[in-house]
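# Descriptive analysis of the structure
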Amino acid sequence: MGQIEWAMWANEQALATGLILLTGGIVGVAGQFKDWQFAAYGIAAGVFICLLEYPRGKRKNKGTSIERMGQRYLTICVKAFGPLTRNYFVRAGLHAVLSIPGGFMLPTVLGCVCVAIASLIYLLAAIRGEQWEPIMPQVESKQRPGESMKEPPSNPPPRLPAELRRKRQEDAAYVNPIPISVNSV
Amino acid sequence: MRLNMAWKSWISNECGKHLLLLLWLAVNVWLFWKTFILYYSGPQYYYLHRMLGLGLCISRASASVLNLNCSLVLLPVCRTLLAFLRGSQKVASRKARRLLDKSKTFHAACGVTVCIFSDPTAAVSAGVSQMLVLEKESAPRRVVHVAAHMVNILNFSARYSEDFPSLNVAHYKGEDPRLIIFTTVPGVTGILMVLILFLMFTASSYSIRVSNYDIFWYTHNLFIVFYILLLLHVAGGALKYQSNVEAHRPGCFSPNKTLQVRRLKPEPLPESHLERSHEDFLKPQPHVEDNFGNVCKEEPHFKSHFPETWLWVSGPLCLYCAERLYRYFRNSRPVTIVSVTSLPCDVIEVRMVKKDFKARPGQYIVLQCPSISTFESHPFTLTVEYLIQLSTGLEILAVCFIRKRNIQCPTEKRTTFGVHLRVLGDWTKQFKELLLSKSTPDSEILPIVQQRRYPTLYIDGPFGSPSEEVFNYEVSLCVAGGIGVTPFASVLHTLLDEWRHFKLRRLYLIWVCREIQSFYWFADLLCALHQKLWQENRPDYLNIKLYLSRTDGIQNLIGDRYRALNSRLIIGRPRWKLLFEEISKCNRQKNVGVFCCGPKKISKTLHKLSNSTSSSGTTFEYNKESFS
């Protein structure tokens, strides 16, 4: 099985569940049902879970971590809670507690079950020692290699001094009838 | 003129798949509408409709869309079938085969549709029923009718009909809807199905597939459970239709039961209506136009539907099961590893033989090694495939003695094929260790019988990929990034054997690598092909451009025989726009196939450039390999 990072999957699940709870809660409240307080709770819990789970954590093992769009600000907020958000045991417990009131009313029952599943996966992640690490923006330090067409050289190539450039008489394969001056190459 | 050219490029690249998408959407919308209308105004559903309201129509309509998509979602994953369709060039045109490249996207679209149409049905519940329990008559006015099977369940509870007991699912009026869900077969299977969909959907996001492919793979295999539950879910027969519409016209006048029938009107009546005279009340409702006034001849009989979903789903399900069985039997025999070569930059080449193995250049296989992991399997593109024939036993002996490595000598007509693997993750790392660590101490001549103990290896495939189309264009541009050159390597091997009888007239190969050592993987192949084409007087057939994107370090291929490659080696990243312009100038009015196997950024740039105009009338058709 290798190195599976369960926390990533739990994170996706929890985000989806937050939306499901939110939807169920909205329907419950809009229809003004008997136990509408539970539906209102569903809305609040849904929003809270969405905000908590939106910033993705950094991948532990290797590879690049893919950020969600605009998660930088929420990362700062979630990071501020320190060990409460870093530790996955806390998150698992939190989700388990959040799921209980959802079970009392039909619109939020599905959200309740899904949050419970997410809580279980977080528990598994926590047992395996995973932690939430924030993805902080990196400074662009590496230099990209240039493109293949380079500028033409601005300086002439280095040349030997003029005396050494002159061809020696005895090396010539052909002797010129007209003598050549020093400065001609 | 430029606008024309822009349209032409875009149409040839994007038109086919957008048309297909539109067609699929149109079919979905039509199905939804048709079913909605059927339940809204069909006479056989009259009583059911009055009991359950608009929720019935919406939920049945979404169920029919679910039927369609649950059956379509299986088709793009029948990979052997797709590979067969790709290969049968007489059956489908090149444009149709290009659509097969998008099979994964189509599968994802159908899957998302299944989730969308089933989640709200379960996630939204109507405390409708709870409200109806309290305020029986005026409830329909204020209720939010949302598509929900749960709406129906709750309506079954609230509007428990004493008149037509056989229509009911609830056991008594005001039964707790949660009890209905968890004690009936459709209820339990429905909830379980939604949970399975939830698990599958959350594990299929791009980030999970990139980081932990295992989670995605194992949860996706829950689809078997999903389909079993689906078949059971519709067998419950909760919704019934009236089977004797002729004898008992809905809404007919039944002298004994007048009062109750009138009370169960589903449409909200405006307040003023109640104050009107008695005659208005007797006015016929829109959907029972001329029925009122008829006398009922007999009681209405209700029957459960034949589960329509079985008809929809059974076809693709049988096809998929047949394919899996075929693949299982085909792959039950392990391959024999012939040789393993270690190449620079963490690449190993593995050559194998298997009986009756046939593959086309550009196809890929999936390797599975039980000694590393029972369930993991990884795809690799074939880089070489050739038929070898050794006629006499003596030749076999000679070959075995001359080579320093040990090979298992193949018999007469076996296909040897090979893959290049890049060692990147733990599976490939373990595979490399298993293959390379068992080396015996060096000796000049190895006895024949001593066999290197390679691990057993099973393969699945070969499966098709877009690179097979390289030969079907007159001019092809192949762009490879790093190890992505493997599909084109198999193309080059095929050209080395025989290049004349293909439609291909000119091939541009752009290979971008980070390190100079990577070019050694196929340097010999490139030089050999280049040499052969020059000898046979076709110097313009193969145009190689090698790019080295890292500017420090050694910048030349060492060796005199690589002179042809060194002169085509450029330091820096390619400038795609200039390359495209150059190619279009040299190939006016031609259709150039662009094939890319590399990082996403390059792929996006090429796609954009292929869609844009070119002044020389050349169109670029973009074909992309996808490996996630």
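Notes on the structure follow. Computed from a predicted structure; not experimentally measured.

### Observations regarding the overall build of chain B
When its secondary structure is counted, chain B shows 25 helices and 14 strands. Burial statistics for chain B: of 628 residues in total, 50% are counted as buried. Contacts spanning at least 24 positions in sequence make up 77% of the contacts within chain B whose residues lie at least 6 apart. Accessible surface, chain B as shown: approximately 31100 Å² in total, 60% of it carbon and sulfur.

### Describing the pattern of salt bridges
Residue and element names in this part refer to chain B. The final tally for this structure, using the stated rule, is 19 salt bridges over all chains. Where R330 meets D460, a salt bridge forms, and the shortest distance between an N and an O atom there is 3.7 Å. Of the two residues, R330 is situated in helix α18 (residues 308-330) and D460 in strand β8 (residues 458-463); the sequence distance between them amounts to 130 residues. A relative accessible area of 23% means that R330 is categorised as partly exposed. Between R538 and D540 there is a salt bridge, with the nearest N and O atoms lying 3.5 Å from each other. The exposure class assigned to R538 is partly exposed, which follows from its relative accessible area of 21%. One continuous salt-bridge network, built from bridges that share partners, spans E323, R327, R330 and D460.

### A look at the sheet that holds strand β14 (residues 619-624) of chain B
Residues and elements named next belong to chain B. A sheet is described by the order of its strands in space; here six strands give the open sequence β12-β11-β10-β9-β13-β14, paired in parallel fashion. In this open sheet, the two edge strands, each paired with only one partner strand, are β12 (569-571) and β14. The mean inter-strand angle of the sheet, taken between neighbouring strand axes irrespective of direction, is 20°. The pairing of strand β10 (residues 506-513) with strand β11 (residues 542-548) spans seven bridges and is classified as parallel. Bridge pairing in β11 places Y508 opposite N543. Where helix α21 (residues 486-497) meets the sheet, it contacts β9 (475-481), β10, β11 and β13 (591-597), and its direction lies at approximately 140° from that of β10. Relative to β11, helix α22 (residues 523-535) is tilted by about 150°, and along the sheet it contacts β10 and β11.

### Some details on the environment of B:S612
All names here are of chain B. Counting through the fold element by element, S612 comes out in the loop between α25 (600-611) and β14. Note on S612: relative accessible area 30%, which makes it partly exposed. Residues S612 and I554, 58 residues apart in the sequence, show an inter-C-alpha distance of 37 Å.

### Thoughts on α22(B)
Residues and elements named next belong to chain B. Helix length check: α22 (13 residues) gives 18 Å between terminal C-alpha atoms against 18 Å at 1.5 Å per residue, within 8%. Taken residue by residue, α22 has A523, L525, L526, C527, L529, H530, K532 and L533 as its buried positions. Where α22 is buried, its residues contact α21, β10, β11 and α23 (563-566).

### A closer look at the state of the cysteines
All names here are of chain B. As enumerated under the stated definition, the model contains zero disulfides over all chains in all. With no disulfide of its own, C115 has C70 as its nearest cysteine by sulfur position, at a separation of 9.4 Å. The cysteine C318 is free of any disulfide, with C321 supplying the nearest cysteine sulfur at 6.6 Å. When its relative accessible area of 52% is taken as the criterion, C318 is described as exposed.

### A word on α18(B)
Residues and elements named next belong to chain B. Helix length check: α18 (23 residues) gives 34 Å between terminal C-alpha atoms against 33 Å at 1.5 Å per residue, within 8%. At S314, α18 shows its largest kink, close to 35°, and the proline P316 lies no more than four residues downstream. Within the span of α18, buried status applies to T309, V313, P316, L317, Y320, E323 and R327. Packed against the buried residues of α18 are α3 (54-72), α4 (79-87), α14 (223-233) and β8.

### Overview of the nonpolar core
Among the nonpolar cores identified, the biggest contains 41 residues, and B:L492, B:L495, B:W511, B:F519 and B:L565 are the most heavily contacted of them. Put simply, the parts of the chain that give this core at least two residues each are β9, α21, β10, α22, β11 and β13 of chain B. Here this core takes six residues from α22(B), the largest share from any one element. A:A7, A:A10, A:A125 and A:W132 belong to the second-largest nonpolar core, a separate cluster that totals 35 residues.

Cut-offs used in this document
- Residues numbered from 1 in each chain as written.
- Chains lettered and ligands numbered in written order.
- Predicted model: local features only at pLDDT ≥ 70, side-chain atom pairs only at ≥ 80, totals over all residues.
- Heavy atoms only, no water.
- Helix = DSSP H or I, 4+ residues; strand = E, 2+ residues; numbered from the N terminus.
- Buried < 20%, exposed > 50% of the residue type's maximum accessible area, 1.4 Å probe, protein only.
- Contact = heavy atoms within 4.5 Å.
- Areas by Shrake-Rupley, 256 points an atom, 1.4 Å probe, with all protein chains shown as cover.
- Salt bridge = Lys/Arg side-chain N within 4 Å of Asp/Glu carboxyl O.
- Pairing = 2+ DSSP bridges.
- Axes fitted to C-alpha atoms, helices over the stretch in contact; angles between N-to-C directions.
- Expected span 1.5 Å × (residues − 1).
- Disulfide = S-S within 2.5 Å.
- Bend = angle between axes of the 7 residues up to and from the residue.
- Core = buried A, V, L, I, M, F, W, Y, C linked by side-chain atoms within 4.5 Å.

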